[in-house]
Amino acid sequence: MFELEGVSRTHGASVALQRTDLLISEGEVVVLLGPSGSGKSTLLRLLMGLDPPTSGVVRFRGRALAELETQAFRRQLGYVVQGGGLFPHLTSERNVTLVARFLRWDADRIRTRLDELVALTRFPGPALLRRPDRLSGGERQRVSLMRALMLDPQVLLLDEPLGALDPITRSELQRDLAEVFERLHKTVVLVTHDLHEACALADRIAMLREGRVLQVGSFEQLRDAPADPFVTRFLQAQQDHPVAGEAP
Amino acid sequence: MKRASLAGALVAVGLTLATATARADGSPRREVVVGSKKFTESVVLGEIVTRILTASAIPATHRAELGGSRVLWDALLHGDVDVYAEYTGTLTREILRGESDGRGLAAQLSEHGVSLGPALGFEDTYALGMPRAVAERLGITQASQLTAHPELRYGFSHEFMDRADAWPALRSRYGIASSHVTGLDHDLAYRGLTHGDIDVTDLYSTDAEIRAYDLTVLRDDRRVFPEYQAVLLTRSDLTSRAPRAREALGVLEGRISAEDMVAMNAEAKVEKISPGVIAERFLRKLGIDPSHAAAPEVGLASRVGQRTREHLFLVLVSLSAAIAVGIPLGIVAATWRGLGRFVLAVVGVVQTLPSLALLVLMIPLLGIGTAPACAALFLYSLLPIVQNTCAGLVGIPDDLRDSALALGLPAGTRMRLIDLPLASGSILAGIKTSAVINVGTATLGALVGAGGYGQPILAGIRLDDTRLILEGALPAALMALAAQGSFAWIERRWMRANRTAPATGSRSE
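Below: a short report on this structure. (Residues numbered from 1 in each chain as written. Chains lettered and ligands numbered in written order. Predicted model: local features only at pLDDT ≥ 70, side-chain atom pairs only at ≥ 80, totals over all residues.)

**Regarding the overall build of chain A**
Counting secondary structure elements, chain A contains nine helices and 10 strands. Looking at chain A residue by residue over its 248 residues, the buried ones come to 41%. Partitioning the intrachain contacts of chain A with sequence separation of at least 6 by distance along the chain shows that 69% fall at a separation of at least 24. (Helix = DSSP H or I, 4+ residues; strand = E, 2+ residues; numbered from the N terminus. Buried ≥ 20, exposed ≤ 12 C-beta atoms within 10 Å, placed from the backbone. Contact = placed C-beta atoms within 7 Å.)

Next up, the structure:
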């Protein structure tokens, strides 16, 4: 689905991502895991074409992003950011249906799709008429997820989707996300610094540090055959100090 | 969208007012337009000329207190004014400077389509004046003695400071080397003299204040100041439009003596008699019946009402135009940062131009009246709107910007549906700032004949009449407060309706 070949990205003098090769196959859930500043979000932005690579090439279905028609390409992606990134001047429903309305879907089609999404994300239906500032943090993430899924895109990109939530909401939403990924069989790229979240959601984990992908593989592979001492250190640090609210 | 309908409403109000005003003075002009500069003598002469014309059944109006020589001259060439009283010295030394080629003044003027009308009979030349007490203490009677007293403080009118035939000529001919030279309004200079803030100022030889303030006029012993014969200038094409005007004005040839003029100036400035009444009395003295011309005195309420309409018109038209142009410019500035810096720099430079200079610069292009005032106010209103639009767009939080980009909407749609609403708080604040500044600056519009609250303020400064100044300044302050208040209200309503406080994304948890 995605193919990164020798991709680097620099901001002035600092290197955000250096010479990275990565393959993301159709239908798999890849988690980009690493501490802050490791280049996870940079990688996600490169996949979306929000930033162009400084060198190397990013391909989507075999074609370089630069060759694709940007708008049509982005409509094949759904994007969820930490905090939701909801537009404060629009109701939840308008946030979700913004692009569909622009594409002139008819009212029935929009209604049907909304109903599906409300059921899928377990969102309380009446809250659709509220604006984002009247929603709880978890509800905002669910609206954001509905917005990302509205056009039924092939790819879901999530940047710390559970990052700003309280522990209980977090575990609920994590469970629901896992279920959504399972049911929809979409290609998912998810950024987190939380090992437990990664384990619960990922088919494969890409471990990043200081702008480099150190290792890509399942949790077991990372644990049993670490490619770098840092992988072991990172895994152990989080296993020794479970994130608050996670049942041991 | 609500934002669109708000801007639409403003534009609609502006256009309505514009068409109403256009109907009022848009029809082909048949009246002879008399102009005057913003000092008393010129206003009184303007009234006399106007009344002489109307007494001869020639329709005429007086656009009083338009500004300085340059404004009147430009207005005359542009056709906004048909006749005004000028001084020969001003023509040769200032307006036609560098064109002198040995031919007569009349020949030079006719090249510009201007006829040299009757000479009125008096001379109003520049002179230097000091309080008599100071002059006697220092024993100064003529200008050449000033050089012996470098401690003297000079306060000159701005025009006197700048004109080649005035202060620059005086300084070099007499060799006056004082570091205490300030420019100030001519009428304020007299107050400066009485308060002892300055010692020497420029006068006109027919000024009423010479007697009123007990001043000594210094003899121009090296003859720096040129002749300043008062003459009427008329557009040459006036003969075809109002054939009898020239004959009617000919009555004034040599009929106003210097004593007459000093007396009339004193009546206006000291006794506070209105220039219209002074002009009527003078016409009766000449044996002309001015009853034809009697203009009804207008009550305070309708005066203020009229000025409020004029002022609102200036503000609404210029502000609507600034919104219509400023928001797109702000979008451009936010989208292309390099171009944006250039746009902001240009708009910023416009803002630093003194408003008076900008107004006068507009006259050759747009004539006098509301057009140059609206244009200048429009330019002044741009900066806050452009700047705040740009800042509002640039300040959109990253998570919202990325989420918007990820949707795959065309740039224009994204701007309309997402970016502009998110920036709307900042944009509204910019419009509010512009509106308030605009209400204040619009008072200067009176200098170029745009009317408004500046009219009584100008007259009040000229006549040293606080009541008149307040008649303009108070409503102007009230209008500024009203603008501030109503925009604050709109802002609150808008914020509540849109949940777009300037600094929030949806980051706060």
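Still more to cover.
**A few points about the overall build of chain B**
Assigned secondary structure in chain B consists of 22 helices and 10 strands. Scored against the burial criterion, the 509 residues of chain B give a buried share of 47%. If you take every contact in chain B between residues at least 6 apart in sequence, the share linking residues at least 24 apart comes to 80%.

**Some words on helix H13 (residues 258–269) of chain B**
Side chains of residues three or four places apart in an α-helix project in the same direction, reflecting 3.6 residues per turn. Compared with the 16 Å implied by 1.5 Å per residue over 12 residues, the 16 Å span of H13(B) between its first and last C-alpha is a close match. Looking only at H13(B), the buried set comprises B:Met261, B:Val262, B:Met264, B:Asn265, B:Ala266, B:Glu267, B:Ala268 and B:Lys269. (Expected span 1.5 Å × (residues − 1).)

**Section: the sheet that holds strand S10 (residues 212–217) of chain A**
All names here are of chain A. Strand order in the open sheet formed by six strands is S6-S7-S8-S3-S9-S10, with mixed pairing between adjacent strands. Edge positions in the sheet fall to strand S6 (77–81) and S10, since each has one partner strand and no second. Strand after strand, the sheet turns through a mean of 15 degrees between neighbouring axes, direction not considered. As paired elements, strand S9 (residues 204–209) and S10 share five bridges and run antiparallel to each other. Within S10, the residue paired with Ala206 across the bridge is Val216. (Pairing = 2+ DSSP bridges. Axes fitted to C-alpha atoms, helices over the stretch in contact; angles between N-to-C directions.)

**A closer look at the environment of B:Gly89**
Residues and elements named next belong to chain B. Tracing the chain through its elements places Gly89 in helix H4 (residues 88–95). Sequence-wise, Gly89 and Glu227 are 138 residues apart; in three dimensions their C-alpha atoms are separated by 5.2 Å. In contact with Gly89, not counting residues within four places along its chain, are Thr125, Asp165, Pro226, Glu227 and Tyr228.

**Side note on the interface of chain A and chain B**
Tallying the contact residues gives 25 residues for chain A and 22 residues for chain B. At the level of secondary structure, the elements contributing two or more residues to the side of chain A that touches chain B comprise helix H2 (70–74), S6, helix H3 (92–102) and helix H5 (137–149) of chain A. Residues of the side of chain A that touches chain B, tallied by class, amount to 13 nonpolar, seven polar and five charged. (Nonpolar A, V, L, I, M, F, W, Y, C, P; charged D, E, K, R; others polar.)

Shape is all these values report; function is a separate question.
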